[in-house]
Structures are given as structure tokens and as C-alpha cells.
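The residues making up each chain are set out below.
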Amino acid sequence: MDKLKLVKTIVFLLTFLLVFGTLLLIGGIVKKTRIADTPLPQQLGLNQPSGSRIAEILPQNGLLYLLVKDGGLSDRIIIMDASSGKILSTISVN
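Keep in mind it's a predicted model, so treat the numbers as computed, not measured.

1. Some points on unusual backbone geometry
The phi angle at Asn61 is positive, at roughly 55°, despite the residue not being glycine. For Asn61, the position within the fold is in the loop between strand S1 (52–60) and strand S2 (63–70). Residue classification places Asn61 among the exposed residues on the basis of a relative accessible area of 74%. Even without being glycine, Asp70 reaches a positive phi, approximately 65°. With respect to the secondary-structure elements, Asp70 resides in strand S2.

In C-alpha cells:
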């Protein structure tokens, strides 16, 4: 009878560890994939000359690629961080 109690205790402990470990794993995955809740600013300036227009917007991997035309300059692509609204780079297209 002692062996049966020992086996039941071991099975209970291993089941508890398996469930606890699974919950920790799911919690870690959810924590890493959570999107930041920081709002974008109310107004955001692109510092482009008057007459410029955004011809196309392409979101990809947390970045926004803005194709800007006209405004007296050649076409250009502005790369912006979508979460903060910060301009990372501007590429001139000749």
C-alpha cells in the first residue's frame, strides 16, 4: 500500500509541475507579444515642403513606408516607426 501512495504522490507532483510550467510558458509568450499601449502624438509633422502629398502608405514589421510626391522635390520614401511616430530615414527616389 505504501508503494501505491508513493506512485500517486509522484504522479500528482509531476502533473502539478506540468500544468504550472505550461501556464508559465503561455504567460511568457503573451508578455513578449503584447503591443505597447503608448499612443501616437495628436499631431505629427513630416517636415515636407508645401504641396507634397502622400501617394502610398505601406505598413511592414512595425514600420510605415510613406511614398511622398510633389512639393518641388523628387519623389521620396519616408520610413517611420509606427509605434512612436518618429521618422527614421528618408530615401530620395530620382
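2. So, the side chain of Arg76
Mapped onto the secondary structure, Arg76 falls in strand S3 (residues 76–81). Separated by 2.5 Å, the side chains of Arg76 and Gln48 make a polar contact. If sequence neighbours within four positions are ignored, Arg76 has contacts with Gln48, Pro49, Ser52, Leu66, Leu67, Val68, Lys69, Asp70, Thr90, Ile91, Ser92 and Val93.

3. Side note on the pairing of S1
Bridging between S1 and S2 involves 8 bridges; their strand directions are antiparallel. Considered in S2, the bridge of Ile57 is made with Leu66. Where S1 folds back onto S2 in an antiparallel hairpin, the turn is made up of 2 residues, including Asn61, whose phi is positive at roughly 55°.

The rules behind these values
- Residues numbered from 1 in each chain as written.
- Predicted model: local features only at pLDDT ≥ 70, side-chain atom pairs only at ≥ 80, totals over all residues.
- Heavy atoms only, no water.
- Helix = DSSP H or I, 4+ residues; strand = E, 2+ residues; numbered from the N terminus.
- Buried < 20%, exposed > 50% of the residue type's maximum accessible area, 1.4 Å probe, protein only.
- Polar contact = N/O pair within 3.5 Å; in protein donor to acceptor, adjacent residues only side chain to side chain.
- Contact = heavy atoms within 4.5 Å.
- Pairing = 2+ DSSP bridges.

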